[in-house]
Amino acid sequence: MGSRPTEVTAAGIARLAGVGRAAVSNWRRRHADFPKPVGGTETSPAFALGDIEQWLRDQGKLAEVPLRERVWQQLVGHPAGAPAALRQAGAVLLLVSERPSAWRQLRAAADDAELTGVLPAILDSVLAARLGPEHPVRGLTREALAPSAALVRAAGDLAAQDGAPEAYAFLLGRHLDANPRQYTLTPPAPAALMAELAALADPLHTVLDPACGAGALLAAAQERAGQDATDPSGAAVTLHAQEADPDLAAFTALRLALGAPDAQVRVRAADTLRADAFPELAADAVLVHPPFNERNWGHDELAYDPRWEYGFPARTESELAWVQHALARLREGGTAVLLMPPAAASRRSGRRIRADLLRRGALRAVIALPAGAAPPNGIPLHLWVLRKPGGGPPPTPHLLVVDTADLAVGAVTGAATGRDKPDWGTVRATALDAWRAFDRDGGIEEVPGVRRSLAAIDLLDDDVDLAPARHLPPPAAAGGPAELVRVRDRLTATLARTTELTPRPTAGDTLPDLAAASRWPLTTVGELARAGALVLRAGGAGTREVGGGPAVLTDHDVIGGGAPSGTLPEAPASGPAEEPVLVRAGDVVVPVLGGGAIARVVDEATAGAALGRNLTLLRPDPAAVDPWFLAGFLRGTANNRQASSYASTATRLDVRRLQLPRLPLAEQRRYGQRFGELAAFEEALRLASRLGEQLVRGLYDGLTDGSVAPD
C-alpha cells in the first residue's frame, strides 16, 4: 500500500505561486484541468502537492518550488501530522549539524527504504549525546519514518542551503504562526527583557524554565549569556527546561540544541508541579511564563510539598505555586523573573503568601507592562522579580514598583500625539534602569507615575495589594498647579484655534447647483490605478534587520490621527530583510477593515514610515489628481457604503470601488483646499479633547492628593 501524497491547501498554493488566495479560487473556477481535491473539507479542500506543482508549471505560474516551501508543504501534509513531522525534521537537522560528514555519506549511499531504516538508531544516538538519555524527542521509529524519506532528504537539503539552526527556526516559526490558538507563546521582546533582568546581578550559567512552551525564554537567556562581557569565567550556559505538552517539549529541545551549540541542554516532558524533573537543581536564574488561572494544578495532591515555604497556595492561586517552585529551584542569591497576570498582585486569596514574600525579602520588584506585550494581549501583565534569600546580607525589606503602561502616551505635557501603543525600547530601558539602580543601592529616586521604592512594612495591610498603579502618584498631579496652568494655557490656545478653523457652510444664494453636482461623471480608484493616475499598494509586508527598521504606520494610528507606533518584524536569520512599503508626503492612506469613512493624507512628519497591515496606500500623480481632493471624496459616507463588503464580524472596504468625480485639476484643488481645512479643524478638535481630559484628570488628582488648593 503506497503512502498518502503530501497535501496542500489553497493558502499553500497561493504561497507557492506568489499570489493571493482569491487568485487560486479563480483558477479553480476558470480552469477545468485544475487538480481535484484529495482531502480536507468542502470549505477548506486539500490538494495533492505534486499535482499542484505540475499544473502550476504547465501554466507557466511556477518555475520551481522554493526549497523552503517544499519542505514546509511536506511537513504540513505528513500523514502523522505536522508536530510529528517537525520532530522528525528537527532530529535530522540536528544530525546534519552534529555529524555533517556522516549525514552526507548516508544520504548519498542509501535508498529511501535503507535511509529510513537505519536513521532511528543514528538519530537516537545523536539526540542522547546532545540532550541526554531522557530527551523528549520520541517516536522516531522505523515505522514512523517509513513515509518520511522525501521529508528527511529535503530537510537535509534545506540545512545545506540555509544552515541547520536557521532551517529549524523557519519550520518551527511557521508551525507556531499557523496554529496561534493552540500555543501560548512569549514574544521575543518581553522574553529578552526577562533574561536581561535576571542577568543584571550575575552572569547566567545555569538557567531553568519549568513551563518552557516553545523555548523562547531559554533562547533569550542563551543569547543574553553570549552577550555578557562581564563574565570572566567564559563558562557555557546550562539550560534546563520542563513542559507538560510533549510536542512543545520536543520542539524546545531541538530549538535549543540547534540554536545554542555551546550550551548543555536538558529538557523533560512532564507536569512540573506534580512531577518535578530537576528536584536537586540550584539555578542561577529561573525564567517562567506560567499558565494562568489553572484550577487543576495539583492543589489536592501537593498539600505537604516542601516547595510551599511561603504558604500553601489556594486552588485559585496557581501562579503563586509557580512563584514558589521558581524560588525552590534557585541557588541562594539567584534571581527569578516571572510573567504574571495582574490579578496575582491583588487577589485576597493570595495575600498571606505575598506578605511572607515581602517580609523575607524574596519579592523584590513588580513591573507593570503595557497591554499587548504578551498573551493574553488585552490585559497589562506584570513581571515579578524575585531573589532567593541567603548567600549574603539580607536585603532591605523594600519593593520596587514600576509602571510602564503609559510611557508611550506620555505625561500631561506630552500626551497630545494620539499615540497609545507602547514604545518597547522605552519600556525596556525604564524597567532595566529602575531595577539596576534599586538592586545596587536598595532604594531609588521616585518618578511619579513610573517608579517608586516602597518599604515592605507599608504594604502589609489587609490586602497586600502590590499592583504598581495603586502606589504611584499620577504624573499629572506631580507637576502641581504650575503644570496644570501650562495645560490650561495650551487648551485655551487650542480652543481659540478651533474657533478660527470652524468651517463656515455656504449659505443663501451662494448654494451650489446640487443638480449639477449629481450629474458629475464618476470614476473609481481602480480605474485611476489602471490609467496610471495613481499607484495602489497594500500594507503589511516587510521585515527589518535586528535592531533597525522604520516605525510602522498602523491602521490604529490612521483612525486615531496618531504618529506611527508599530514595529516591523525581524527578518529571518537565513535571509535578507524584506523591503516594506514606505509612505511619502502626499500619499493617501485608507484603512480597509472597520475604519469607517477615513482617509489620511501623509504629511512630512509621517513620511518614511512603513505601511502597516489592513491599510491601502494611494499615491496620486500630482499632475492628474490632487491628494486632498482624493482623500476628501474617499471619506464620503455614501461612497464608503457602496464600496464595503459586510462579513459576519467586520466591514471590509474594497478601495478600488471607491468613487470620485472627474473634475479638472484646478477644480480639484478648490475642493482639496476645503478638505484640508476640515482636516486641520478635525485635528484641532482631537488635540482639544486630549488636553481637556488631561486638565480634568490633573485637577481631580491635585485636589484629592492636596497638591492643588480648592481656591
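Quick look at the structure, then. (Residues numbered from 1 in each chain as written. Predicted model: local features only at pLDDT ≥ 70, side-chain atom pairs only at ≥ 80, totals over all residues. Heavy atoms only, no water.)

What follows deals with unusual backbone geometry. Omega for the bond connecting Pro375 with Pro376 falls within 30 degrees of zero, at -5 degrees, which places this linkage in the cis form. Residue position: Pro376 is located in the loop between β9 (363-368) and β10 (382-387). Here the phi dihedral of Asn293 falls at roughly 55 degrees; this positive angle occurs in a residue that is not glycine. The residue Asn293 is located in the loop between β7 (283-288) and α14 (318-328) in this model. The class for Asn293 is partly exposed, based on a relative accessible area of 46%. Its identity is not glycine, yet Asn614 carries a phi of approximately 60 degrees, on the positive side. By secondary structure assignment, the location of Asn614 is in the loop between β19 (610-611) and β20 (615-620). Using a relative accessible area of 30% as the deciding quantity, one classes Asn614 as partly exposed. (Helix = DSSP H or I, 4+ residues; strand = E, 2+ residues; numbered from the N terminus. Buried < 20%, exposed > 50% of the residue type's maximum accessible area, 1.4 Å probe, protein only.)

This part is about the nonpolar core. The biggest cluster of nonpolar side chains holds 93 residues, and the ones touching the most others in it are Leu171, Leu197, Val207, Leu239, Leu287 and Leu383. At 10 residues, the largest contribution of residues to this core is made by helix α5 (residues 82-98). Counting residues in each nonpolar core, the second largest holds 41 residues, with Ala283, Trp322, Ala326 and Leu338 among its members. (Core = buried A, V, L, I, M, F, W, Y, C linked by side-chain atoms within 4.5 Å.)

Turning to the pattern of salt bridges, a few remarks are in order. Throughout the structure, instances matching the rule amount to 36 salt bridges. A salt bridge links Arg331 to Asp202; the shortest N-O distance between them is 3.5 Å. Here Asp202 lies in the loop between α11 (188-199) and β4 (206-209) and Arg331 lies in strand β8 (residues 330-340), a separation of 129 residues in the sequence. A relative accessible area of 25% means that Arg331 is categorised as partly exposed. The residue Arg619 makes a salt bridge to Asp587 at a minimum N-O spacing of 2.9 Å. Linking Arg619 in strand β20 with Asp587 in the loop between β16 (566-567) and β17 (588-591), this pair joins segments that are 32 residues apart in sequence. Across the pair, exposure class does not vary: Arg619 and Asp587 are buried alike. Here the residues in one salt-bridge network are Arg635, Glu682, Glu683, Arg686 and Arg690, joined through shared partners. (Salt bridge = Lys/Arg side-chain N within 4 Å of Asp/Glu carboxyl O.)

Within the open sheet, the nine strands sit side by side as β6-β5-β4-β7-β8-β10-β9-β11-β12. Their pairing is mixed. At either margin of the open sheet sits one strand with a lone partner, and together these are β6 (264-269) and β12 (451-455). Along the sheet, successive strands turn relative to each other by an average axial angle of 15 degrees, direction set aside. Examined bridge by bridge, β9 and β10 share five bridges and lie antiparallel to one another. Paired with Leu363 across the bridge in β10 is Leu386. Here α11 sits on the sheet in contact with β7, β8, β9 and β10, set at roughly 155 degrees to β8. Packed on one face of the sheet, α14 meets β7, β8 and β10 and runs near 155 degrees to β8. (Pairing = 2+ DSSP bridges. Axes fitted to C-alpha atoms, helices over the stretch in contact; angles between N-to-C directions. Contact = heavy atoms within 4.5 Å.)

Within a regular strand, the side chains alternate between the two sheet faces. One ladder, built from three bridges, connects strand β1 (residues 7-9) with strand β3 (residues 45-48); its direction is antiparallel. Paired with Thr9 across the bridge in β3 is Ala46. Two strands pair when backbone bridges link them, and strand β2 (residues 39-40) and β3 are joined in this way by two bridges, in the antiparallel orientation. For Gly39, the partnering residue across the bridge sits in β3 and is Ala46. Linkage of β2 to β3, two consecutive antiparallel strands, is achieved through a turn of four residues.

Nothing here speaks to function; it is geometry throughout.
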